[in-house]
Amino acid sequence: ATVLIVLSDDEENEQICTGTLVAPTKVLTAAHCFNEFVFGVSVRIGTDTYGMMDVRIHPLYRGSETDIHDVALIE
């Protein structure tokens, strides 16, 4: 199934990142999808939409799309 991560900012703008379902409640995605302007996150798998419970960004990620640590795990 396609996994889309929909991120919204405080002005209701949305951006979409993709992810990979790696466990029944965990999605692996890019850390650069998350920044200080993200206020809402939902995960769409097929036609189902889920809220985000937690996000963990790799502790060595430094904010660049070319960073080798550009990974995040959403629950």
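Preceding this section is the structure that the text describes.
Now for a description of the structure that goes with this document.

Cut-offs applied
Residues numbered from 1 in each chain as written. Predicted model: local features only at pLDDT ≥ 70, side-chain atom pairs only at ≥ 80, totals over all residues. Heavy atoms only, no water. Helix = DSSP H or I, 4+ residues; strand = E, 2+ residues; numbered from the N terminus. Buried < 20%, exposed > 50% of the residue type's maximum accessible area, 1.4 Å probe, protein only. Contact = heavy atoms within 4.5 Å. Areas by Shrake-Rupley, 256 points an atom, 1.4 Å probe, with all protein chains shown as cover. Lys, Arg positive; Asp, Glu negative; His and termini not counted. Charge placed at Lys NZ, Arg CZ, Asp CG, Glu CD. Disulfide = S-S within 2.5 Å.

**Considerations on the overall build of the protein**
Scanning the protein for helices and strands turns up 0 helices and 7 strands. Starting at the N terminus, the α and β elements of the protein follow one another as β-β-β-β-β-β-β. Referenced to the eigenvectors of the C-alpha coordinate spread, the extents of the protein come out at roughly 35 × 30 × 20 Å. In the protein, buried positions account for 29% of the 75 residues. Looking at the protein alone, contacts between residues at least 24 apart form 50% of all its contacts between residues at least 6 apart. When the accessible surface of the protein is split by element, carbon and sulfur atoms take 53% of a total near 5100 Å². Taken as two groups, the 4 positive and 12 negative side-chain charges of the protein have centres that lie 11 Å from each other.

**Looking at the state of the cysteines**
Scanning all chains against the criterion turns up 1 disulfide. A disulfide bridge connects C17 with C33, and the sulfur atoms are separated by 2.0 Å. Handedness here is read from the sign of the S-S torsion; for C17 and C33, about -110°, the answer is left-handed. Taken together, the residues span a long stretch of sequence, with C17 in strand 2 (residues 14–23) and C33 in the loop between strand 3 (26–29) and strand 4 (38–45) at a distance of 16 residues. Across this residue pair, the class does not change: C17 and C33 are buried.

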